[in-house]
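Below are the chains, spelled out letter by letter.
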Amino acid sequence: MGVLHFLVSRANGMQHVRGLQSIFQEQEMTETIHDTEGHGYLVTFIGKNGRFGVLRAHSHGLVTFDLQCCEGDDVAQVDNLLNELEKKMKSLLHGNIKRIKRLPALRRGDEVDRYWPTADGRLVEYDIDKVVYEEDSVYQNIKILHSQQFGNILILNGDVNLAESDLAYTQAIMGSGKENYAGKEVLILGGGDGGILCEAVKLKPKMITMTCGNVLDSLTGDCYEVLVEDCVPVLKRFAEEGRTFDYVINDLTAVPISTAPEEDSTWEFLTLILDLSIKVLRPTGKYFTQGNCVNLTEALSQYEEQLGTLSCRVDFSKEVVCVPSYMELWVFYTIWKK
């Protein structure tokens, strides 16, 4: 699909349509003018080769043309049509165009889906070239897609989680290289992709305890143990036993995008995990977690307010990191007891 946008100082829709007729006639496209009840002009064009065009002239000055084509259509011919339309519109509007924008074609219905949303609602096109894995578990839809830039990308329920390129994420949620893990006890909540565990064992900790699903090749190693359990009862048990850790790394979920009431259960879950984690944190220990996209200021502010409601007083710092496959800046938190 090709898209042209024109922003003009004034728009006479019918004049534009009539002036473009010769171009569409050459392409054997028939037109239909629709009644918009005074809201500018709307015209559709249908071609014998399956092309479908929509020309919209808005009363406030925006003129748009969207062209939909079928797979296998002559790309050069389509580009020529858009070039001719752009040239003709410039001629018709006699210098009244303030801005022209041609958008790249969107590919719909491909075997491999290239389009995925960012946390702040922008649509991003990835250079996906194949589906490595896809399955519906009892909890979520799981996809692993291969990107030419980012390697394999894990996508859960339509959300980009992590890619092979995203070492920056793992480093940030572990303290960005500022911490000494040697001889320390570490608790990882979630992290089922194995990235944090993989990097943490390299730092020679005394012991890593990790709670997640049964997804890793080995559940035990020289300095780690994976508990295939829900983290909430595990945290409660550790708190009752008085077991503590130098580092707690929460890789369960991001801060909710919305602060609306329907997200209350997620916020309650985050607060519960925070409170339990602080209880098993040693006095000099640190708690690491991700926040969300830096643009989601309201949600991040609410999370920071939640820190003041915990059973133990805490302080925090945050770091903004570019995670390659996210294509947006991401906030990470470090939290400690006061």
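Placed above this text is the structure.
A short tour of the structure in this document, coming up. Quick caveat, the model's predicted, so the values are computed rather than measured.

Quick notes on the overall build of the chain
Secondary structure summary: the chain contains seven helices and 20 strands in total. Taken along its principal axes, the extent of the C-alpha atoms in the chain is 80 × 40 × 35 Å. Looking at the 338 residues of the chain, the share that counts as buried comes to 44%. Long-range contacts, defined as pairs at least 24 residues apart, comprise 51% of the intrachain contacts of the chain with a sequence gap of at least 6. As displayed, the chain offers around 17800 Å² of accessible surface, 48% of which is attributable to carbon and sulfur atoms.

Considerations on the sheet that holds strand β11 (residues 151-156)
Sheet strands pair by backbone hydrogen bonding; their relative direction is either parallel or antiparallel. One open sheet accounts for four strands, arranged β9-β10-β11-β12; its pairing is antiparallel. The sheet is open, and its two borders are formed by β9 (128-136) and β12 (159-163), each paired with just one other strand. Pairs of neighbouring strands in the sheet enclose a mean axial angle of 25 degrees, with direction left out of account. Two elements, β11 and β12, share four bridges in a ladder whose sense is antiparallel. If you follow I155 over to β12, its bridge partner there is V160.

Quick look at the pairing of strand β4 (residues 52-57)
The side chains of a regular strand alternate, first on one face of the sheet and then on the other. With six bridges connecting them, strand β3 (residues 41-47) and β4 associate as antiparallel partners. Residue pairing across strands places F45 opposite G53, the latter belonging to β4. In this structure, the hairpin formed by β3 and β4 is closed by a connection of four residues, where G50 is found at a positive phi of approximately 90 degrees. Here β4 pairs with strand β5 (residues 62-68) via six bridges, running antiparallel. The residue of β5 that forms the bridge with A57 is V63.

A word on the packing of aromatic side chains
Enumeration according to the criterion identifies 11 aromatic pairs in this entry. For the pair Y126 and F150, a centre-to-centre distance of 6.1 Å together with 70 degrees between the ring planes defines the contact as edge-to-face. Of this pair, Y126 sits in the loop between β8 (123-125) and β9 while F150 sits in the loop between β10 (141-147) and β11; the two residues are 24 residues apart in sequence, bridging distant segments of the chain. Each of the two residues, Y126 as well as F150, counts as buried. Measuring from ring centre to ring centre gives 4.8 Å for Y326 and W330, while their planes differ by 70 degrees; the resulting arrangement is edge-to-face. We note that Y326, like W330, is buried. An aromatic cluster of at least three residues, connected via ring pairs, comprises Y169, Y326, W330 and F332. A cation over a ring is seen here: R243 above F238, with NZ or CZ 4.6 Å from the ring centre.

Definitions and cut-offs
Residues numbered from 1 in each chain as written. Predicted model: local features only at pLDDT ≥ 70, side-chain atom pairs only at ≥ 80, totals over all residues. Heavy atoms only, no water. Helix = DSSP H or I, 4+ residues; strand = E, 2+ residues; numbered from the N terminus. Buried < 20%, exposed > 50% of the residue type's maximum accessible area, 1.4 Å probe, protein only. Contact = heavy atoms within 4.5 Å. Areas by Shrake-Rupley, 256 points an atom, 1.4 Å probe, with all protein chains shown as cover. Pairing = 2+ DSSP bridges. Axes fitted to C-alpha atoms, helices over the stretch in contact; angles between N-to-C directions. Phe/Tyr/Trp six-rings, centres within 6.5 Å; stacked < 30°, edge-to-face > 60°. Lys NZ or Arg CZ within 6 Å of the ring centre and 35° of its normal.

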